[in-house]
Amino acid sequence: MAEVGDRASQAMRIISSTKFWRGALAIAIFIALWETASRADISRVPPPTAVAVTFKELMADPSYWFSWYLSTQRVFAGFIAAMLVGIPLGLGMAVSRAFYGTVFPVFEVLRPIPPLAWVPASIIFWPTQELSIVFVTFLGAFYAVVINVIGGAQAIDTRYYQAARSMGSSSWDIFRRIILPGTLPSVMVGATVGIGIAWAVVVAAEMISGGGSAGSMGGAKGGGLGFFIWNSYVGGSYTQIVVGMISIGIAGYISSALLRKLGELVTPWLREQ
Amino acid sequence: MTIASVPQPSIHSGHLARSGSTEPITEIVVSNVSKSYGPMKFAKAVVRDCTFEIERGKLTVMIGPSGCGKSTLIRLLAGFERPTAGTISIGGKPVAAPGVDRLVLFQESALFPWLTTFGNIMFGPHARAAAGDETRSRAEFLLDKVGLTAFRRKYPTQLSGGMQRRAELARAMINEPKVMLLDEPFRGLDAMTKTLMQEYYAKIYEETRRTTFFVTTDIDEAIFLADRILVMTNVPAQVRAVLEVDLPRPRRLEDLIENDNANLIKMEALSLLHEEAMKSFARGSKAAADFIEAYAKRIQKPR
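The residue count restarts for each chain, going from 1 along the sequence in the order it is written. Throughout, the order in which chains and ligands are written sets their labels, letters from A for the former and numbers from 1 for the latter. A pLDDT threshold of at least 70 governs which residues receive local features in this predicted model, and a stricter bar of 80 or more applies before side-chain atom pairs are shown or counted, although totals over entire chains, interfaces and linings include all residues.

Observations regarding the overall build of chain B
Secondary structure elements follow DSSP: runs of H or I no shorter than four residues count as helices, runs of E no shorter than two count as strands, and numbering proceeds from the N terminus. A count of helices and strands for chain B gives 10 helices and 10 strands. The proportion of buried residues among the 303 residues of chain B is 40%. Burial in this document is a count-based property: other C-beta atoms within 10 Å of a residue's C-beta are tallied, and the residue is buried at 20 or more, exposed at 12 or fewer, or partly exposed in between, with C-beta positions derived from the backbone.

Below is the structure:
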């Protein structure tokens, strides 16, 4: 109960702050300028009022939500795969010099290749379009996760290892109780960065690959948010393009916010110092 | 010297029960130890042919100019690093690796940031699979002892510098080490907290009489805490002089200010340290070397 009260008073404090109103005003001015520019034919981007109307229509359209579902599914499939492969790989490289020496050069050769450059190769090599999109999404998140895990594990203070060893810790105990918690904050940073990249990549991958196998099934509005934007462009529905863009912004924001929240939960020692 | 305080049994380690005997027993033997870093040709000697002994149940303080290799000696004693030459033995056994018989208190807090105060204290027992009810209640006792019961669920970053040092002391003491190795443990604390921690540590030592090797650059801290002071040379480290500090315990800081004996020791230690500091100064500067040389000649002249 007290927490609810705290939240309410916190919300009140935010609403009554100058910072909040300055931000709200800036957004209002931005929308007003956009509206005027579109109405005055300075910009060919449809005005926000028209976008809002289309948005409202699409809210009732199941195929629009199906695009949300597909993109989210691809992002999370790729992202989770990146975590499952990236965390052990990064930890392995951080713990073993030999493993690092063997794997890191390969990793560094592949890393500069942008995930989107993999799209054609991915479509050729993977049996289904769906898998190829997920693979490219995976790549986007993968590098961010691995780099952060290695960096986090290497940055652990040597005195922690020394202290643990003097207190009788075995190697396994050190791995479990020093390296894992010591790396956790950077794992969460890698995850937050990684999911952002995954969203950026999935949109482009969907545009290029034609929405995957579900593209034809879901029609113009199914096939993922990236495909949704592309299809709206091809079909000349400019308001739908803007709705698609905003949708992706919202999706990316929610994903990052969720991960940040999760990060706070699993690393309580970093809260309010 | 009088042993005034009665040791508390629960923080008393077993081998110290015989502290009534007057015969000094050597706990740590460092003989002809050298340590250098870097590849063969470019190796820089940090410790060279260093020899000293530490008596069981005594508080030995090592003092020397900063960067003289004291921390290296701590790491060698702890077993984190191996000497390039020479041997170190603790309790008759050569030091080969880190062991639970000796614990290090580092310069700045090495508490694990992801564990609460209580979790940190219980780290050692968990590592040795000895975290039973008895150990838990001992952890509670130590928490109370270091005055952190109210902070048991706090993380290290939520504690003040002095609290962190006390939590770390408790984390070390629960493991009942035979030897405590402290590497400038109160460095970086503000003057007031530092004084409090010194008095606090002296009290803990007086209760437990645990063999302690304490490294510092602070001469007042050394005299206040020590039974014996090892004055070090400039790098590479060697023992320049051994000063016995025969002041009664329990000690209080204000008692030392007016104490002639303490002041004599301080004068002696300071003059030794001054020479070593000048040498290290001279190493980096020709002018300072010239000055020392000229100064030395002028002193000799009247003879």
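From this point, the narrative continues.
Overview of the interface of chain B and chain A
It is common to give the size of an interface as the accessible area that goes away when the parts come together. Whether two residues are in contact depends on their C-beta atoms, placed from the backbone: they are in contact if these lie within 7 Å. Counting residues at the interface gives 20 residues for chain B, matched by 16 residues for chain A. Secondary-structure elements contributing two or more residues to the side of chain B that touches chain A are strand S6 (102-105) and helix H3 (123-127) of chain B. Considering only residue class, the side of chain B that touches chain A consists of 14 nonpolar, 4 polar and 2 charged. Residue polarity is assigned by list, with Asp, Glu, Lys and Arg as charged and Ala, Val, Leu, Ile, Met, Phe, Trp, Tyr, Cys and Pro as nonpolar; anything else, Gly included, falls into the polar class.

Examining the sheet that holds strand S4 (residues 85-90) of chain B
All names here are of chain B. At least two bridges found by DSSP between two strands is the condition for calling them paired. What the 4 strands build is an open sheet, ordered S2-S1-S4-S5; its pairing is antiparallel. Two strands in the sheet have a free side with no partner beyond their single neighbour: strand S2 (44-55) and strand S5 (93-94). Pairing between strand S1 (residues 26-37) and S4: 5 bridges, direction antiparallel. Residue pairing in the sheet places Ser31 in a bridge with Thr87 of S4. All axes here are fitted lines through C-alpha atoms, helices being fitted over the stretch that makes contact, and every angle between N-to-C directions spans 0 to 180 degrees. Sheet strands touched by helix H1 (residues 70-78): S1, S2 and S4. Its angle to S1, the strand with the most contacts, is close to 120 degrees.

A closer look at the domain arrangement of chain A
Domain start and stop points were drawn from an automatic or database domain assignment. When the domains of chain A are assigned, the result is domain 1 (1-44) and domain 2 (48-268). Between the C-alpha centres of domain 1 of chain A and domain 2 of chain A the distance comes to 29 Å.

Looking at the sheet that holds strand S8 (residues 211-216) of chain B
All names here are of chain B. Taken in spatial order, the 6 strands make up an open sheet running S6-S7-S8-S3-S9-S10, and their pairing is mixed. The sheet is open, and its two edges are formed by S6 and strand S10 (239-244), each paired on a single side. Ignoring which end each strand starts from, the neighbouring axes of this sheet average 15 degrees apart. As paired strands, S6 and strand S7 (residues 179-183) are joined by 4 bridges and run parallel to one another. Note on S7: the bridge partner recorded for Arg102 is Val179.

Some remarks on the pairing of S4 of chain B
Residues and elements named next belong to chain B. Across 2 bridges, S4 lies against S5 in antiparallel orientation. Paired with Ile90 across the bridge in S5 is Lys93. In this structure, the hairpin formed by S4 and S5 is closed by a connection of 2 residues, where Gly91 is found at a positive phi of approximately 60 degrees.

Side note on the confidence of the model for chain B
All names here are of chain B. Summing up the model confidence of chain B, the mean pLDDT is 81 and the portion of residues at 70 or higher is 85%. pLDDT measures how confident the predictor is about each residue, on a scale from 0 to 100. Averaged pLDDT values for the elements of chain B fall to 54 in helix H10 (residues 286-300) and rise to 93 in helix H2 (residues 117-121). Throughout residues 298-303 the model reports pLDDT below 50, and contacts reaching past four residues in sequence, or to other chains, amount to 0 contacts. Here the predicted complex carries an ipTM of 0.78, next to a pTM of 0.79.

A few points about the nonpolar core
One broad trend across soluble globular proteins is that nonpolar side chains are buried collectively. For the purposes of this analysis, a nonpolar core is taken to be any set of buried Ala, Val, Leu, Ile, Met, Phe, Trp, Tyr and Cys residues that are connected through C-beta atoms within 7 Å. Ala141 of chain A together with Leu77, Leu181 and Ile229 of chain B are the most contacted members of the largest nonpolar core, which totals 125 residues. Among all residues touching Ile229 of chain B, those that are not within four sequence positions of it are Val61, Ile63, Ala222, Leu243, Val245 and Ala269 of chain B.

Examining the pairing of strand S3 (residues 59-63) of chain B
Residues and elements named next belong to chain B. Within S3, 5 of the 5 residues are buried, which leaves it mostly tucked inside the rest of the structure. In terms of strand pairing, S3 meets strand S9 (residues 228-232) through 4 bridges, oriented parallel. Note that in S9 the partner of Ile63 across the bridge is Val231.

A short note on the environment of Ala11 of chain A
Relative to the assigned elements, Ala11 of chain A resides in helix H1 (residues 2-15). Residues Ala11 of chain A and Phe175 of chain A lie 164 residues apart in sequence; the distance between their C-alpha atoms is 42 Å.

Side note on helix H6 (residues 191-208) of chain B
Residues and elements named next belong to chain B. Over its 18 residues, H6 runs 26 Å from end to end, which matches the ideal 26 Å to within 8%, given 1.5 Å per residue. Listing the buried residues of H6 in full gives Gln198, Tyr201, Ile204, Tyr205 and Thr208. One side of H6 carries all its buried residues, which in axial view fall inside an arc of 135 degrees. For H6, the elements touching its buried residues are S3, helix H5 (161-173), S8, helix H7 (219-225) and helix H8 (253-257). Between the first and last residue of a helix there are one fewer steps than residues, each counted as 1.5 Å, and that sum is the expected span. Taken from the helix axis, the directions to the C-beta atoms give the arc we talk about.

Some points on the packing of helix H4 (residues 62-95) of chain A against helix H9 (residues 171-209) of chain A
Residue and element names in this part refer to chain A. At their nearest, the axes of H4 and H9 sit 8 Å apart, and the two run at 145 degrees to each other. Considering the relative orientation of H4 and H9, their crossing is right-handed. Where H4 abuts H9, its residues Ser71, Arg74, Val75, Gly78, Phe79, Ala82, Met83, Ile87, Leu91 and Val95 lie against Phe175, Ile179, Thr183, Val187, Ala191, Gly194, Ile195, Ala198, Trp199, Val202 and Glu206. Here the residues of the contact of H4 with H9 are counted per class, giving 15 nonpolar, 4 polar and 2 charged. A crossing counts as left-handed when the near helix is turned anticlockwise from the far one by less than a right angle, and as right-handed when that turn is clockwise.

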